[in-house]
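Understanding the architecture of this molecule
So you can see what is in the structure, the chains are spelled out below.
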Amino acid sequence: MKSAFLIVFFALGLASCSKFAKVQKSNDYDYKLRMAEKYYVAKKYNYAKQLYEELFPLMKGQPQFEDLFYKFAYCSYYLHDWMNAENLFKQFVEVFPNSPKAEEMDYMRAYTYYRQSPKVALDQTTTEKTIGLMQTFINTHPGSTRIKEAGEIIDKCRLKLEAKELLSAELYYNMGKYRAAAIAYTSLMNGYPDSQKSDQYKFQIIKSYYLFASNSIDEKKPARFEQVVTECNDFADRFPDSKLIKDVERYSSLSQNNIKEISKVNNNEQVKTTN
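The structure contained in this document is the topic of the report that follows. (Residues numbered from 1 in each chain as written. Predicted model: local features only at pLDDT ≥ 70, side-chain atom pairs only at ≥ 80, totals over all residues. Heavy atoms only, no water.)

With respect to the overall build of the chain
From N to C terminus, the chain includes 12 helices and zero strands. In the chain, the succession of α and β elements from N to C terminus is α-α-α-α-α-α-α-α-α-α-α-α. By the burial criterion, 40% of the 275 residues in the chain qualify as buried. Sequence-distant contacts in the chain: of pairs separated by 6 or more residues, those separated by 24 or more amount to 53%. Within the structure as shown, the chain displays about 16800 Å² of accessible surface, and the carbon and sulfur contribution to it stands at 53%. (Helix = DSSP H or I, 4+ residues; strand = E, 2+ residues; numbered from the N terminus. Buried < 20%, exposed > 50% of the residue type's maximum accessible area, 1.4 Å probe, protein only. Contact = heavy atoms within 4.5 Å. Areas by Shrake-Rupley, 256 points an atom, 1.4 Å probe, with all protein chains shown as cover.)

A closer look at helix α9 (residues 178–191)
A rise of 1.5 Å per residue sets the reference length of α9, with its 14 residues, at 20 Å; its end C-alpha atoms lie 20 Å apart and thus fit the reference within 8%. Considered for burial, the residues of α9 that qualify are Y178, A181, A182, A184, Y185, L188 and M189. Each buried residue of α9 sits inside an arc of 165° when the element is viewed along its axis, so together they form one side. Its buried side turned inward, α9 meets α8 (147–174), α10 (198–214) and α11 (221–238). (Expected span 1.5 Å × (residues − 1). Arc of directions from axis to C-beta.)

Considerations on the pattern of salt bridges
Note on pairing: side chains with opposite charge can pair once their charged atoms come close. Under the criterion given, the structure shown has 11 salt bridges. In this structure, E37 and K71 form a salt bridge, with 2.4 Å as the shortest nitrogen-oxygen distance. A residue pair is termed long-range when its members are at least 10 positions apart, and E37 in helix α2 (residues 29–41) and K71 in helix α4 (residues 65–78) qualify at 34 residues. For E37, a relative accessible area of 21% puts it in the partly exposed group. Residues E103 and R146 are paired through a salt bridge, measuring 3.1 Å at the closest nitrogen-oxygen approach. (Salt bridge = Lys/Arg side-chain N within 4 Å of Asp/Glu carboxyl O.)

Thoughts on the side chain of S99
With respect to the helices and strands, S99 occurs in the loop between α5 (82–95) and α6 (102–115). Within the structure, the side chain of S99 is placed 2.5 Å from the side chain of E66, a separation counted as a polar contact. Beyond its immediate sequence surroundings of up to four residues, S99 is in contact with E66 and F92. (Polar contact = N/O pair within 3.5 Å; in protein donor to acceptor, adjacent residues only side chain to side chain.)

Concerning a positive patch on the surface
Taken together, the side chains of K19, R34, K38 and K44 define a basic patch exposed on the protein surface. Looking at the element boundaries, K44 is found in the loop between α2 and α3 (45–59). In this structure K44 comes out as partly exposed when scored by relative accessible area, which is 40%. (Patch = residues over 30% accessible without salt bridge, like charges linked within 9 Å, V, L, I, M, F, W, Y side chains within 5 Å. Lys, Arg positive; Asp, Glu negative; His and termini not counted. Charge placed at Lys NZ, Arg CZ, Asp CG, Glu CD.)

So, unusual backbone geometry
Look at K43: it is not a glycine, yet its phi comes out positive at around 65°. Relative to the helices and strands, K43 is located in the loop between α2 and α3. Accessibility expressed as a relative area gives 62% for K43, which makes it exposed.

A short note on the packing of aromatic side chains
In this description, an aromatic ring pair is defined by two values, namely the gap between the centres and the angle between the planes. Per the stated rule, a full pass over the model turns up 30 aromatic pairs. With 5.3 Å between their ring centres and 50° between their planes, F56 and F72 make a pair best called tilted. Of this pair, F56 sits in helix α3 while F72 sits in helix α4; the two residues are 16 residues apart in sequence, bridging distant segments of the chain. As far as burial versus exposure is concerned, F56 and F72 are alike and both buried. Geometrically, the ring pair formed by F92 and F96 is tilted, given 5.1 Å between the ring centres and 45° between the ring planes. Under the relative-accessibility criterion, F96 is labelled buried at 17%. Sitting above the plane of the Y70 ring, K101 keeps its charged end 4.2 Å from the centroid. (Phe/Tyr/Trp six-rings, centres within 6.5 Å; stacked < 30°, edge-to-face > 60°. Lys NZ or Arg CZ within 6 Å of the ring centre and 35° of its normal.)

Listed below in structure tokens is the structure:
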């Protein structure tokens, strides 16, 4: 039964390919355009794209060209040919800047980059490009109904970039590179001041500097524990209602105790030297 189904499916596929081959060989361009439209409506974008591509240079300057261009661009988009789709959306706006579809094409160009935005751990160049193009769209089309969606996409992209930076900071921390981790968390917090995780980033800065101080040579420990205390005081000023405040106070106390203990040891050594 399964074999019979496969044979029928294969036969239908061959018939479809044979019919398309006949369309391609035709010299009747109006017929080809009608068939391209049929394939497009039927969502057979690969066939439609091939016919539009052949007709593209022949239809320039004709009334049908704008619609052909529009659908040709979308064929690439639906086939996930992102690079070609982005280029065609861009070209459409350049060729038809006053078209009622120009705004849509401008948005789709930015959205094509969004569709290419990779997982957080990977390079985020396309995510950054999405933000730039979506912001340009908002600035260029302030009355567009797509403004809200463009803003939401920018927010999603910024969250992804924030998550990417967080991975880098966490990597430094987990590798025991505590000073580099503290700097990375500081950059993260400053880069995303409105983040809901700002107090967590600040807490990680404190922990990183505390571990950096703890692993330092004795003569550098006082100044580095002082830095921890400074960061703790800054945390209290910025996030007085944070759930992490008690943990921060504990790190402040530990740092101050370390400073006192080091100072006590140094004073005792000085007394011994004097005697």
